[in-house]
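Now for the letters of each chain:
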Amino acid sequence: MSQDADKPRDRKPLTQIAQAGRKPEWTGMPGQPGGIVNPPVWRASTILYDDVAHLRSAAGRSTHERLFYGRKGTPTAWSLSDALTEMEPGAEGTMLYPSGVAAIACALMAVLKPGDQLLMVDSAYDPTRNFCEQMLCPLGIETVYYDPTVGAGIADLITDATRAIFLESPGSLTFEVQDVPAITAIARDRGIATLIDNTWATPWFFPALSHGVDISILACTKYIVGHSDVMIGSATATPAFFPKIRQAAYLFGQMTSPDDAWLAARGLRTLGVRLNQHQASALRIAQWLSQQPDVARVLHPALPSCPGHALWQRDFTGSSGLFSFVLKGGDEKARAALIDGLAHFGIGYSWGGFESLALPVDPARYRTATAWQAEGPLVRLQIGLEDSDDLIADLDAGLARFRAMRG
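Side note on the overall build of the chain
Working step 1: Scanning the chain from terminus to terminus reveals 14 helices and 12 strands.
Working step 2: For the chain, whose C-alpha radius of gyration is 22 Å, the value lies close to the compact-globule estimate of 22 Å for 407 residues.
Working step 3: If you take every contact in the chain between residues at least 6 apart in sequence, the share linking residues at least 24 apart comes to 74%.
Working step 4: Accessible surface, the chain: about 17200 Å² in total, of which carbon and sulfur atoms supply 54%.

Below, the structure written as structure tokens:
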């Protein structure tokens, strides 16, 4: 099949992620018919010019998706950027970064300056909080944390200094779902930028820009890559904000290696089928856990028992493989006994790969605007692509260990 830059933009999602980012000039050779399936890995630092006039001409025009210097990218990265942009209707473009945290940091710096105020969701990923407190604060940028369930009440928190609102929906530890359309409508009316960490759902289940967000950020390390072997982040923005994030990325020297971009693009092609499987297995396991006597609560937005379920049902088209559950009583030793003996779950940070993970988490230490209270310790699960029967049997044995240790 030949690659056609003019393919219809209304393709079904699975077709879209299979074909996006494969322009003929990146997959073929000039003057030769056909082409290769995937854009190759273009590694480059120096770009050569025919003469001084050619060099001067290149420096005087936009370098976006043009060979200029290796730091500005090559077709390998542009291909991935184009594909991610196409997944977000209304997007102007996507910038790539060496990690999700780098994407968050650079996007925030693109819209904030000394004297500004940032409204940050209280359930945010803790490295996001660390950046606010250890980098933004010394720069004279104030961070005010807000309740993730505030919804339209965000209007009461906005001051004359507020320049940006950061969302993470659902929160990646406790899974509160935010009323994104209500918050973004108020922000847009006040001329305030909105940014979201959309790593949990990805645009596959939640096209954030369609819900009013200005900048949608992904830790592509997770579901986009899907194989736990690459660190990479992205920020996708509307026409009003893409020039800002592009300029900030250039000024900070942010980029991703072509090898990592190529691996992320390879992972993207199977995103839909992987996420659909993550969703099915995670829902089955979450429903099973909700029926266990040693489990007080399951924090999964797709369960009707989860407080944010109505918003999730309204705004999302699916759910991923990450959720938490609260144990009934017990202590750190009992929780560790549950996790340490698991045969099919690894113990480690991150998520979104093919392997299942179990992690002890303690949300109370990461809260300032709200208080976290629970019936017992919290365990976060990443449900991978293993057979869900095996995972349920593993968790069943783990709960037995917890029960024995709890007494």
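Here we look at the pattern of salt bridges
Working step 1: The tally for this structure, following the rule as stated, stands at 15 salt bridges.
Working step 2: Linking Arg 335 and Asp 362 is a salt bridge whose minimum nitrogen-to-oxygen distance equals 3.0 Å. Of the two residues, Arg 335 sits in helix H13 (residues 332-340) while Asp 362 sits in the loop between strand E11 (356-361) and strand E12 (378-382), which places them 27 residues apart along the sequence.
Working step 3: Overall, the relative accessible area of 33% leaves Asp 362 in the partly exposed class.
Working step 4: Put simply, Glu 332, Arg 335, Asp 362 and Arg 365 are held in one network by salt bridges that share partners.

Observations concerning H13
Working step 1: Turning to H13, its buried residues number three or more, namely Ala 334, Arg 335, Ala 337, Leu 338 and Ile 339.
Working step 2: Turning to H13, the residues buried within the fold contact strand E9 (322-327), E11, E12 and helix H14 (388-406).
Working step 3: The N-terminus of H13 is capped by Asp 331, whose side-chain oxygen sits 3.2 Å from the backbone nitrogen of Lys 333.

Here's the deal with the packing of aromatic side chains
When we look at a pair of aromatic rings, we describe it by the centre distance and by the angle of the planes.
Working step 1: As enumerated under the stated definition, the model contains three aromatic pairs in all.
Working step 2: Geometrically, the ring pair formed by Trp 200 and Phe 316 is edge-to-face, given 6.1 Å between the ring centres and 75° between the ring planes. Separated by 116 residues along the polypeptide, Trp 200 in the loop between strand E5 (193-197) and helix H8 (202-205) and Phe 316 in the loop between helix H12 (309-315) and E9 bring together distant segments of the chain.
Working step 3: Judged by its relative accessible area of 3%, Trp 200 falls in the buried class.
Working step 4: We classify Phe 316 as buried; its relative accessible area is 7%.
Working step 5: With 4.5 Å between their ring centres and 20° between their planes, Phe 206 and Phe 316 make a pair best called stacked. Of the two residues, Phe 206 sits in the loop between H8 and strand E6 (215-218) while Phe 316 sits in the loop between H12 and E9, which places them 110 residues apart along the sequence. Take Phe 206 and Phe 316: they sit in the same class, and that class is buried.
Working step 6: Clustering of aromatic rings is evident, with ring pairs tying together Trp 200, Phe 206 and Phe 316.
Working step 7: Positioned above the aromatic ring of Tyr 250 is the side chain of Lys 72, whose terminal nitrogen or guanidinium carbon lies 4.4 Å from the ring centre.

Re the confidence of the model for the chain
Working step 1: Looking at the chain, pLDDT values average 92 and 95% of them are 70 or higher.
Working step 2: When the criterion is pLDDT under 50, residues 1-6 qualifies, and its contacts beyond four places in sequence or with other chains add up to 10 contacts.

Things to note about the packing of helix H11 (residues 271-289) against H14
Working step 1: Remark: H11 packs on H14, axes separated minimally by 10 Å, with the N-to-C direction vectors making an angle of 30°. Classed by the angle they form, the pair H11 and H14 counts as roughly parallel. The handedness of the crossing between H11 and H14 comes out as right-handed. Contacts from Ser 281, Arg 284, Ile 285, Trp 288 and Leu 289 in H11 reach Ser 388, Asp 389, Leu 391, Ile 392, Leu 395, Asp 396 and Leu 399 in H14.
Working step 2: Of the residues in the contact of H11 with H14, the class split is seven nonpolar, two polar and three charged.

Observations concerning the packing of helix H5 (residues 100-111) against helix H6 (residues 126-136)
Working step 1: Their axes nearest at 10 Å, the elements H5 and H6 cross at an angle of 45°. For the element pair H5 / H6, the angle class is oblique. Between H5 and H6 lies a crossing of right-handed hand. Every residue of H6 that contacts H5 at Val 101, Ile 104, Ala 105, Leu 108 and Met 109 is listed here: Pro 127, Thr 128, Phe 131 and Leu 136.

Quick look at the sheet that holds strand E3 (residues 142-146)
Working step 1: Sheet architecture is open: seven strands sit in the order E1-E7-E6-E5-E4-E2-E3, paired in mixed fashion. Since the sheet does not close on itself, it has two edges, and those belong to strand E1 (93-97) and E3, each with one partner. Recorded for the sheet is a direction-independent mean angle of 20° between the axes of neighbouring strands.
Working step 2: Both E6 and strand E7 (residues 233-237) contribute to a ladder of four bridges, which runs antiparallel. What sits directly across from Leu 218, in E7, is Ser 234.
Working step 3: On top of the sheet, helix H7 (residues 180-190) reaches strand E4 (162-168) and E5; it is set at about 170° to E4, its chief contact.
Working step 4: Relative to the sheet, helix H9 (residues 242-251) contacts E1, E6 and E7, its axis offset from that of E1 by approximately 25°.

Examining the environment of Ile 232
Working step 1: As for its placement among the helices and strands, Ile 232 is situated in the loop between E6 and E7.
Working step 2: By relative accessible area, Ile 232 is classed as buried at 0%.
Working step 3: A sequence separation of 59 residues divides Ile 232 from Leu 173, and the C-alpha atoms of the two residues are 21 Å apart.

Looking at the sheet that holds E11
Working step 1: Spatially, E8-E9-E12-E11-E10 is the arrangement adopted by the five strands of the open sheet, whose pairing is mixed. Among the strands making up the open sheet, the edge pair consists of strand E8 (295-299) and strand E10 (345-346).
Working step 2: When E9 meets E12, the two strands line up antiparallel, connected through five bridges. Considered in E12, the bridge of Leu 322 is made with Gln 382.

Here is what the cut-offs are and how they apply
Residues numbered from 1 in each chain as written. Predicted model: local features only at pLDDT ≥ 70, side-chain atom pairs only at ≥ 80, totals over all residues. Heavy atoms only, no water. Helix = DSSP H or I, 4+ residues; strand = E, 2+ residues; numbered from the N terminus. Rg over C-alpha atoms; globule rule 2.2 N^0.38 Å. Contact = heavy atoms within 4.5 Å. Areas by Shrake-Rupley, 256 points an atom, 1.4 Å probe, with all protein chains shown as cover. Salt bridge = Lys/Arg side-chain N within 4 Å of Asp/Glu carboxyl O. Buried < 20%, exposed > 50% of the residue type's maximum accessible area, 1.4 Å probe, protein only. Polar contact = N/O pair within 3.5 Å; in protein donor to acceptor, adjacent residues only side chain to side chain. Phe/Tyr/Trp six-rings, centres within 6.5 Å; stacked < 30°, edge-to-face > 60°. Lys NZ or Arg CZ within 6 Å of the ring centre and 35° of its normal. pLDDT = per-residue confidence, 0-100. Axes fitted to C-alpha atoms, helices over the stretch in contact; angles between N-to-C directions. Parallel < 35°, antiparallel > 145°, perpendicular 65-115°, else oblique. Left-handed = near helix turned anticlockwise from the far one by under 90°. Nonpolar A, V, L, I, M, F, W, Y, C, P; charged D, E, K, R; others polar. Pairing = 2+ DSSP bridges.

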